[in-house]
Amino acid sequence: MSMGWTMILKDDSGVTGWTWRVGNYLLLSMSLIGMHVKSDLEFPKDRHYTWKTGHWGRCMGEECGTGGVQSRTVWCIHTEGWTTHHSNCRHSDKPESQRPCFKVCEWHQDLFEWEVSEWGPCVLAPLLSNELKLRTAQCITAQHGIQRRKVHCVRTSNRTSVTERICDFFSPRPALEQACLIPCPHDCIVSDFSSWSGCSRTCGAGLQHRTRHVLAAPVYGGANCPNLTQTRTCANLFPCPLGESEHHYSLKVGLWSECRQPQHKGLWMSGRTVLDFSTGDTERNTVKRHIQSSQHHHHHLHQHHHQHSLKGLDVEIGYQTRQVRCMRSDGKNAMLSLCTLDNGPGTFQSCVMPRDCETSDWSVWSPCSKTCRASDMSPGFRVRTRSITHTPIGQGKECPALEEKEACNIIGDLLPNCPRYVWKSTDWGDCQVAPLLSQQDRRLDNVSVLCGGGIQTRQLYCVQVPDNSTPHHRKEVSRPVNGHLCTGDPPSAVQPCSIPCPQLCLLSSWSSWGACIHDNCMETHGRKGFKQRRRDVLEEGSGTENCAHLLESMPCEDPLCFRWQVQMESACVPSNGTCGNGTSTQTVACINSQGQLVPEELCEEQSPPAEVSCEMACSGDCVLSSWSHWSSCSHSCSSKNSEGRQSRIRTILGLPGEDKTCPAATALEEWRTCNDHPCITFFWEASPWGPCIEDSSMNVNGSGYWNGTATCAVGLQIRKVACMKMGAGPVIPKRCPESARPDTIQPCLLPCKNDCIVTPFSEWTACPTTCLPVNSSVASQSRYRIIIQRAANGGQECPDTLFEERECEALLLCPTYRWKTHRWHPCTLVPDSVQQGMTGASESCGKGLEMRGVSCVDEYDEMVAVSECLRWAGPMPSRFRSCWVACKDDCAFSSWSKFSECSGCGSRRTRKRTITGRSRKQDRCQREDLYPLVESEPCPCEEFVSQPYGNWSSCILSETPAQGWRGRREARDCGQGLRYRAMSCLDHESHLVSPDLCSESGLVEEVCYMPCPLDCKLSDWSPWSACSTSCGSGLKIRSKWLREKPFNGGRPCPKLDLKNQVYEAVPCRSECGLYEWLTDPWSVCTINTVDELPACGEGVQSRKIWCVSRGSEDPVASVNETLCDQDEIPPQAQTCVLPCPDDCVMSQWSPWSTCAIPCDENSSRIRTRHVLRPPVAGRVCPENNQTEPCILNSTCFNYHYNVSSWSTCQLSEHAICGQGTRTRLLDCIRSDGKVVDLSVCEELGLLQLWRLAMKCVVDCPFNCILSDWTSWTECSHTCGDKGVKTRFRTVLQPAHEEGRPCASQLSQTMPCPISPCYTWLLSDWSPCRVQGAECGEGTRERNLTCAQHWSDWPDSPNPSEALEDDKCGDRLRKESEQELQQPCFVPCPGDCHLTEWSLWSSCQLTCLEGRSFETVGRQARSQAVVIQVLDNQDSCPQQVFETRPCKGGKCHSYEWRTSAWNDNERSVWCQRSDGVNVTGGCFPQNRPTTVRHCHPPCTKPFSHCKQSGVCGCERGYTEVMTTHGFLDYCTKTPGADNKKADVKTSSGRLRPGTTQIQDFFGEWSLQPLGPDGRIKLWVYGLTAGGFIVILFIIAVAFLFCKPSKQCKSASPPQKPLTLAYDGDVDM
């Protein structure tokens, strides 16, 4: 069993203890203590060699505990310090090198740890001894500093300190110092000097001074401030008159002493007034004079602090004294009798004994405000508080801070991440088109059919982001939180959407009826069949029912699906001779009902023979043409009144001989019945598909949503199919072809079931945490949840409850406490013994103090702790006040009478008193300015008048409950509303009073109207115009025109043309082949004969033509011929040849062969015919083929596609905007420019690459969508005439295209009732007043008055007169917050004193290169020394300055400024960047010079240094400058008496040489100037001669070069000599 030890370890921090639950810890303690043993132990062997030991090492061992071993090094040294062999030392004295120890293990580390404090401020590093340079000369931007901190080894259990060697076992000690940087030293910066003061004396010699103040205190080792005062002597014009005293005397009082108890009077002197004279120049004669105090001020300080003891209510009254001296005007003390003492200053007064503020112990630290790790790395804070146990009384020490705050979790690495909040949204709501309608479009009755572009909304909410480690298997739903937690802009709550528009099926025309075929050609049964016609779907419909039936059938008999067709038949070849019977070959093929080749085995009938018999006509035979094809059947079916017939004809090609004849005319035409089946049409009709229903047999794995479950499956759709008889109704199914029967069942995808998804309930709103006031209603709390996804397709429905509310748990009512005041104690004066012993006074009267007790009671009138009342009942009432004990000589008055009656509003009432007793004989009591006998006050008045004030508010519409998103965003923006105007309520003196006295609301209401916006109105679309072309693609147009312009913010008009119209044009097509020419067969060739011989040879044949609709072969239905193409009108007559009996008869020409496409004009086309009857001998047959070239646009044509332009975006008739279609049309163009039918190009197989339709989007005219109005804010001002309430709304969806623009009013204001403002008005400080004396220690005061004003103080006009204090609130609390009395000093004549504190300087930051080095700036103020008498300088105080931190500082820069030069001198001063002239701040090394000198010096005769800094000549001399701009010499200016001299310049080659050369050649060189400075005459002559020589050279060169063109130029041009006139008279 292990024993518990309590081990006492004495370390550097004293004696501390801890308990370990492991035995044998005593050895650990001893081993740690053993580390204190000094390592340098010496054991002498002789006097030269000793043993030296090192430090004990760390305890080593295999196990924790007592089995450890410590080692150290032991060696032998000589006394001189060098190491020697160990044999030189005595081995018997050798210290131990090993010892047992307690091995410290890792788990011991949890018992101790290093505790480090915060780094201290950065202070300058000390200079090295050899570092002699000044810091300022070395520093550029910053200087080295050191930061220090404290490090202790402490126990983790109780944070007590232990020896640092314990923690050293586990980890090295943290650093105690670290380097830091401090900005360069900043010297003190002071302002300019003020103006000189007036002379200290009005006569004779005196002193005057001027001062300056500190703008920035020295920091970081900068130079100290210079002297702030300059003093100089001054002398008045008039000497002092003789006989006037040299000195003046002033009574000076000192500071009041501390308040002391009466029992301490033994400390006072018991005698009368004592005057103490001392010798020396600095003598200070002092006197204590005890007379009646006239002090009447009392203070109520810190009455609002907490107290919890009833004993703390005791107030003790004592007294205090002060010194009185007589000062001479030279600053020396004088006898008190020299000063006037008629009614001298009081030397004692009653006072309240001071008692310091007492507070409780600190509370425990609150939890850290930072509980999670955020990205901004800002620290958290924790606070602790303490309460006041005793408030300060009198001049006791003020209460210290009651709250401490410190940073915590600064790094926060161990804290969990802070929750993140993001915006989430519900599913989008249904797409709505109706909000996009204009006022004009809303007349539509059926809005359910609207489609196309619309708008949809969703609800946004804020949620906490879940932990990323949590897998999400369901659609993310989180608890909604307050939206203020989500940062950043929320996502859009409105978006455009689209409702697909139903599109009608676009069907082609019916094809012609087909042949009679079996229902199933693969399985033929019976003789019953069907004839069918079809139509195709050109464009599939959407959103509507199925397209109409595409196939119609007509019963028929003898159906034939496949038949043989003769493809080609050769000419007849006679068997014998050239005519008679013969054979011809034919090619046959099996075709289906559509004319397509099919395998021959499908044709059930016998195949026609390959050779058929024929007959070649002989000479004299009648030659007939082959039968034509059967014409189309006249009727598609047969009825009672009509029967289908068709015919075929043949013509006589050659007349017979005399003995032979041709068939009769009736034999040339054959008729037969056709389509003899009845006109009964049948078709299959299918009902719409039914809903998709489940079919377990077809269920497959569906696709799921977020939860991965298969909620979607394949189902079935069923519809009914019936055989319908055209124009009748349903019939038996056998009447319709079974092969065309539509499907009645199809698979479908079941719509997925969507369960309703709601968020969890939000947190309950907070309940009040404090107690409830009496008679207050019970608070409630609520929570809500949001529907994220609505239920659909049979999913689970949404819950009914989305909002819950409940009452808060009952809270205790706030306790009721009140202050209870006791009666005032009698007035306490300075003790009689003190007064009588010190002043000899026999009467105890005058001003004193009285006190009373104040206690705190509850609602049962039982006393409780004072702190309860301080918390619940406001500040403590005053416990002392000044009082007056009447003296014998005091004026006596009667009591005040009652106030007189009031005569009405605006009148005043008075009360009176009279002088009584002996006071009636005293003159001072008769002074009514001191002792008024009548008082008056205004009469109370209850008459008030209201006046409108300010402007009307905007028109505010009444709120209507919102129903859904549409109701919320389309709230009333027009119609009848109310506007408001503030109203001021005034009393009879026109003073503002509470608006409740005039009306309930304090506002004037008036009905107003907001004009409703009127949208732009256009007419309806006009009908489509006809297509602009009669053939091919063209254009058709429709238009709208403006009917009403928009007003009051209505929807704008679309872009209109100059005629205020808007057009819509779309391509259109006019069918080119709507009408065609119908021709009869050619008539018999008619020969004009004159005799009765058979007519043969060339003749004429004719035919009739009609213009009919395409496909119609009935001439009765002909139309106007102008509708048919006149360019292709068939000929109505033609020449013909009827061969004579002996002539060769040829067949009709075959059609021309086709030319190649594209047309090749090098090719040709051919047509053929063959012999039908050979001619008689001697005659020949005509040609049997003809060829002609292929000529473009004549015999052959090229064809190509042409595409029109895109149409505008076409929408459904029920759509306003959204997705539409743009189309364009395709034409087939012949090479001659004629538009032909598209089938021509299609049959030619031309490549068509153009898209003829494409999707497009018409932008929706989104109206501006605004949010709801927010709730009205609180009044911006709680009183006055500037208070307004505001509400806002935001733009959720800005207007787009022709949508209604946003209302201009996104905010509205409403005036607040005008209530009078009451403010504590703090007066200015009064001048320093010394009571009862001319100078010395005094006080300055300022007053608190309650004033009324109309607006925020101090922007409003002057406040009205003072009011009752209760209007402004608690005076005691306000007085405790303001300093109403300050000590001050009035200097006596001759005193050396300090000035008043200067104003605080502007806030200035310490900056490096224009950037702030600190976040908090500094302000400075100072007091300068004023010397009034030079002999009194030794007693002068030191000038002082102080600084304080400030916010909102600026970085200032400093630069030297200079004035203009004046006589080579100028002023230089330092200026701050804000324009203030300062001393200090600018670098002295950069100071500009104040005196200017010329360089080089002006040594030339008659020269001097000019203001420009260069040498110039004196007046009357002209400067001659060198080319470098320096003065060369001065020459006398000609005519200097009346002419202004000009500056002469001399080029380098003409200027005088050096002095030596000039001296050498001075005697014989040519001098152009005379001694008077004039130019000599020979210079003019030389110049004229040179000019003539130059002209001569030019003339000779010109004459020499003119004959020869090779002479290009003369020698290189010489530099011309120019002579400039310089204004001299000599020129």
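What you see is a predicted model, and the numbers here were worked out from it, not measured in a lab.

(A) Fine view of the sheet that holds strand 3 (residues 49–53). What the 3 strands build is an open sheet, ordered 3-5-6; its pairing is antiparallel. The sheet terminates laterally at strand 3 and strand 6 (83–84), the two strands that pair on one side only. Where strand 5 (residues 74–78) meets strand 6, 2 bridges bridge the pair, whose relative direction is antiparallel. Bridge pairing links Cys76 to Thr84 in strand 6.

(B) Summary view of the state of the cysteines. Per the stated rule, a full pass over the model turns up 55 disulfides. What pairs with Cys516 in a disulfide is Cys556, and their sulfur atoms sit 1.7 Å apart. Here the S-S torsion is close to 95°, and the disulfide linking Cys516 with Cys556 is therefore right-handed. In this pair, Cys516 is assigned in the loop between strand 34 (506–507) and strand 35 (528–534) and Cys556 in strand 37 (residues 551–557), connecting sequence segments 40 residues apart. The two residues Cys516 and Cys556 agree in class, both being buried.

(C) Region of the structure containing the packing of aromatic side chains. Applying the stated criterion across every chain, the model contains 3 aromatic pairs. Measuring from centroid to centroid gives 6.4 Å for Tyr49 and Trp82, while their planes differ by 85°, and the two rings are edge-to-face. Of the two residues, Tyr49 sits in strand 3 while Trp82 sits in the loop between strand 5 and strand 6, which places them 33 residues apart along the sequence. Taking relative accessible area as the criterion, Tyr49 reaches 19% and is therefore assigned buried. Overall, Trp82 belongs to the partly exposed group, its relative accessible area being 39%. Judged by centre distance (4.1 Å) and plane angle (10°), the ring pair of Phe1502 and Tyr1517 falls under stacked. Here the residue Phe1502 occupies a position in the loop between strand 98 (1477–1479) and strand 99 (1503–1505), and Tyr1517 occupies one in strand 101 (residues 1517–1521), the gap between them amounting to 15 residues.

(D) Highlighting the nonpolar core. Core analysis: the biggest nonpolar cluster contains 9 residues, these being Leu251, Val253, Val324, Cys326, Ala334, Leu336, Cys339, Val1330 and Ala1333. For this core, the elements supplying multiple residues, two or more each, are strand 18 (249–253) and strand 22 (324–328). Setting aside residues up to four positions removed in sequence, Val1330 forms contacts with Val253, Cys1335, Gly1336, Glu1337, Gly1338 and Val1386.

(E) Broad picture of the sheet that holds strand 67 (residues 1032–1044). With antiparallel pairing, 3 strands are arranged side by side in an open sheet as 66-67-68. Of all the strands in the sheet, the pair left with one neighbour each is strand 66 (1017–1018) and strand 68 (1061–1070). Bridging between strand 67 and strand 68 involves 10 bridges; their strand directions are antiparallel. Each residue of the ladder has a partner; that of Gly1034, found in strand 68, is Cys1068.

(F) Looking closely at the confidence of the model for the chain. For the chain, per-residue confidence averages 78 on the pLDDT scale, and residues scoring 70 or more make up 82% of the total. Across the chain, the element-wise mean pLDDT spans from 32 in strand 20 (residues 286–287) up to 93 in strand 14 (residues 189–191). Counted against residues more than four places away or in other chains, residues 1–45, with its pLDDT under 50, gives 98 contacts. For the stretch residues 129–136, pLDDT sits under 50, and the model shows 9 contacts to residues farther than four places along the chain or on other chains.

What counts and what doesn't
- Residues numbered from 1 in each chain as written.
- Predicted model: local features only at pLDDT ≥ 70, side-chain atom pairs only at ≥ 80, totals over all residues.
- Heavy atoms only, no water.
- Pairing = 2+ DSSP bridges.
- Helix = DSSP H or I, 4+ residues; strand = E, 2+ residues; numbered from the N terminus.
- Disulfide = S-S within 2.5 Å.
- Buried < 20%, exposed > 50% of the residue type's maximum accessible area, 1.4 Å probe, protein only.
- Phe/Tyr/Trp six-rings, centres within 6.5 Å; stacked < 30°, edge-to-face > 60°.
- Core = buried A, V, L, I, M, F, W, Y, C linked by side-chain atoms within 4.5 Å.
- Contact = heavy atoms within 4.5 Å.
- pLDDT = per-residue confidence, 0-100.

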